[in-house]
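Take a look at the letters that make up each chain.
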Amino acid sequence: MTADRSKELFERAVTCIPGGVNSPVRAYGAIGIAPRFIASTAGSHIYDVDGNAYIDYIDSWGPCILGHNDERIREAVVRASERGLSFGCATEIEVEMAEFICAHIPSIEMIRMVSSGTEAVMSAIRAARGYTGREKIIKFAGCYHGHSDAMLVSAGSGVMTSGVPDSAGVTPGCTKDTMTAVYNDLDSVKQLLEENPGQVAAVIVEPVGANMGVVLPADGFLPGLRRLCDEHQALLIFDEVITGFRLGFTGAQGLYGVTPDLTTYGKIIGAGMPVGAYGGRRDVMEMVAPVGPVYQAGTLSGNPIAMAAGLTQLQILQSDPAIYRKLSEMGDTLYGRMAAYVKDQQIPCQVTHIQSLGCLFFTEHPVTDYASAKTADTARYAAYFRHMLGSGIHLAPAQFEAMFLSAAHTESDLEATFKAFRGFFEKQ
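Reading the values: rules and limits
- Residues numbered from 1 in each chain as written.
- Predicted model: local features only at pLDDT ≥ 70, side-chain atom pairs only at ≥ 80, totals over all residues.
- Heavy atoms only, no water.
- Pairing = 2+ DSSP bridges.
- Helix = DSSP H or I, 4+ residues; strand = E, 2+ residues; numbered from the N terminus.
- Axes fitted to C-alpha atoms, helices over the stretch in contact; angles between N-to-C directions.
- Buried < 20%, exposed > 50% of the residue type's maximum accessible area, 1.4 Å probe, protein only.
- Arc of directions from axis to C-beta.
- Contact = heavy atoms within 4.5 Å.
- Polar contact = N/O pair within 3.5 Å; in protein donor to acceptor, adjacent residues only side chain to side chain.
- Parallel < 35°, antiparallel > 145°, perpendicular 65-115°, else oblique.
- Left-handed = near helix turned anticlockwise from the far one by under 90°.
- Nonpolar A, V, L, I, M, F, W, Y, C, P; charged D, E, K, R; others polar.
- Phe/Tyr/Trp six-rings, centres within 6.5 Å; stacked < 30°, edge-to-face > 60°.
- Lys NZ or Arg CZ within 6 Å of the ring centre and 35° of its normal.
- pLDDT = per-residue confidence, 0-100.

The strand order β1-β2-β3-β13 describes an open sheet built from 4 strands, whose pairing is mixed. Edge positions in the open sheet fall to β1 (38–42) and β13 (393–394), since each of these has one partner strand only. In terms of strand pairing, strand β2 (residues 45–48) meets strand β3 (residues 53–56) through 3 bridges, oriented antiparallel. Considered in β3, the bridge of isoleucine 46 is made with tyrosine 54.

In structure tokens form, the structure reads like this:
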């Protein structure tokens, strides 16, 4: 596979874009090669500017559940665009989207559209603080909730009683009320709640940790969070930017049977378009302006093009449960074969997965939290990535990201992927 055109574009990009990319996750810095620049997509494949085709497991970081450039979604976008691209005014379709989500997600009584997952989390936290009159937030090491200042807190392996900024430009004052607990460790949450009585507005969690690879919640962890929040009158926020509408139509909260007070979504409700949302209990959401005193606004919130794309995908997913059965079966097939292979060959790797989400960790240690995830050998993952890319398989260029299956993937895609996977270890 040649990459001359991608290299040329990258050389141009680094002169005018920081690092040559508009989001750090697109950089191939840890891999040691220039990122591939994508020209087009279709179904389970993406095509770069050099004419190379890849079976894609990024799916625009999750939202393309039906596959890339689904014809039904594309047609909905074209129809909507003929009426205008951005109004900055109320539209019928944003009402339809809100009604649809409220009708089908039991925990959501009211919802507010925004433009990204980061904005959704930032707004949900503000609403939680406004509702409770409290200031402190508990998050978990390894759970990513966007790049708002309060959430960019260093992810450590132990309980932290005060936030340490994880990015230059974020002041200690912005994170002083953000506390970090250990994923899958209820005692660490209980300790923070008890040490800060009556001060914690909310606990926010990715119900499945999908930004440190894929880390599954231990039995009792999510119900335990619900119980602790109830005992301490704190709100429970599920960040379902990745898991929402992917792990079944009702997301992780439906799968695990735990009801949060607030839920945040990202581009998944826009079929990959720039969109997000936060919603939940009516009494909490009615704190948001113009009804209540918690201010949040956005000209592009509820953009009609994004709403058209997202509502079309959600309606398809809701009307056809077979899509989720297929995704789950494909996940069991691909990730199950990978897990069986490394176990049979006694390879020091871990394969974690839930339905269509999966991750290969290059570590001999079981992965249950951020500390154990960080034991993975990132240099070996880089070699694995280069091998898979050369074999026509497009993965995330970082160890601590998820693989995403779509309904457009085929048995032959899975077979080709497993063949390339096995080939990497056979060369070792």
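Having seen the model, we can carry on.
All right, on to the sheet that holds strand β5 (residues 136–140) then. Read from one edge of the open sheet, 7 strands run β4-β10-β9-β8-β7-β5-β6, paired in mixed fashion. Edge positions in the sheet fall to β4 (110–114) and β6 (178–181), since each of these pairs with one other strand and no more. The mean inter-strand angle of the sheet, taken between neighbouring strand axes irrespective of direction, is 20°. Here β4 pairs with strand β10 (residues 276–280) via 5 bridges, running antiparallel. The partner of arginine 112 across the bridge, within β10, is tyrosine 278.

Glancing now at helix α2 (residues 71–81). Within the sequence span of α2, burial applies to Ile73, Ala76 and Ala80. In a view along the axis of α2, the buried residues occupy a sector of 60°, so they form one face of it.

What follows covers the environment of arginine 129. Structurally, arginine 129 can be placed in helix α4 (residues 117–132). A residue is classified by how much of its surface remains accessible, and arginine 129, at 25% relative accessible area, is partly exposed. Note: C-alpha distance between arginine 129 and valine 294 (165 residues apart in sequence) is 8.9 Å. Apart from the residues within four sequence positions on either side, arginine 129 is in contact with Arg134, Glu135, Ile137, Asp177 and Ala201. For arginine 129, the side chain forms a polar contact with the main-chain oxygen of glutamate 135, separated by 2.6 Å.

Let us now look at unusual backbone geometry. Here the bond from alanine 289 into proline 290 is cis, since omega is 15°, no more than 30 degrees from zero. With respect to the helices and strands, the residue proline 290 is situated in the loop between α9 (282–285) and α10 (304–319). We note that aspartate 59 has phi near 50°; this positive angle belongs to a residue other than glycine. Considering the arrangement of structural elements, one finds aspartate 59 in the loop between β3 and α2. Within the chain, serine 60 stands out as a residue other than glycine whose phi angle is a positive 55°. Its place among the elements puts serine 60 in the loop between β3 and α2.

In this section: the packing of helix α13 (residues 378–390) against helix α14 (residues 411–426). At their nearest, the axes of α13 and α14 sit 10 Å apart, and the two run at 130° to each other. As judged from the angle between their axes, α13 and α14 are oblique. Pair α13 / α14 crosses with right-handed handedness. Judged by residue contacts, Arg380, Ala383, Tyr384, His387 and Met388 of α13 engage Thr417, Ala420, Phe421, Gly423, Phe424 and Phe425 from α14. Split into classes, the residues belonging to the contact of α13 with α14 amount to 7 nonpolar, 3 polar and 1 charged.

The next point concerns the packing of aromatic side chains. Counted by the stated rule, this structure contains 20 aromatic pairs. The rings of Tyr341, Phe362, Tyr381, Tyr384, Phe418, Phe421, Phe424 and Phe425 are connected pair by pair, giving a single aromatic cluster. Residue placement shows arginine 337 over the ring face of phenylalanine 418; its charged tip is 4.0 Å from the ring centre.

Burial analysis of β10 places 5 of its 5 residues in the buried class, which makes it a mostly covered element. Residues Gly276, Tyr278 and Gly280 point to one face of β10 and Ala277 and Gly279 to the other, with burial holding for every one of them. As judged from the 4 bridges shared by strand β9 (residues 262–265) and β10, these two strands associate in the antiparallel manner. By the bridge assignment for β10, threonine 263 is matched with glycine 279.

Caution is warranted with low-pLDDT regions, since their predicted coordinates should not be read in detail. For the protein, mean pLDDT is 94; residues scoring 70 or higher make up 97% of the total. In this model residues 155–163 is a low-confidence stretch, pLDDT under 50, and it forms 26 contacts with partners more than four residues away in sequence or in other chains.

Another point: the packing of helix α6 (residues 186–195) against helix α7 (residues 221–231). At a closest axis distance of 10 Å, the pairing of α6 and α7 adopts a crossing angle of 15°. Classified by the interaxial angle, the pair formed by α6 and α7 is roughly parallel. As α6 runs across α7, the sense of the crossing is right-handed. Where α6 approaches α7, its residues Leu186, Val189, Lys190 and Leu193 are matched on the opposing element by Phe221, Gly224, Leu225, Arg227 and Leu228.

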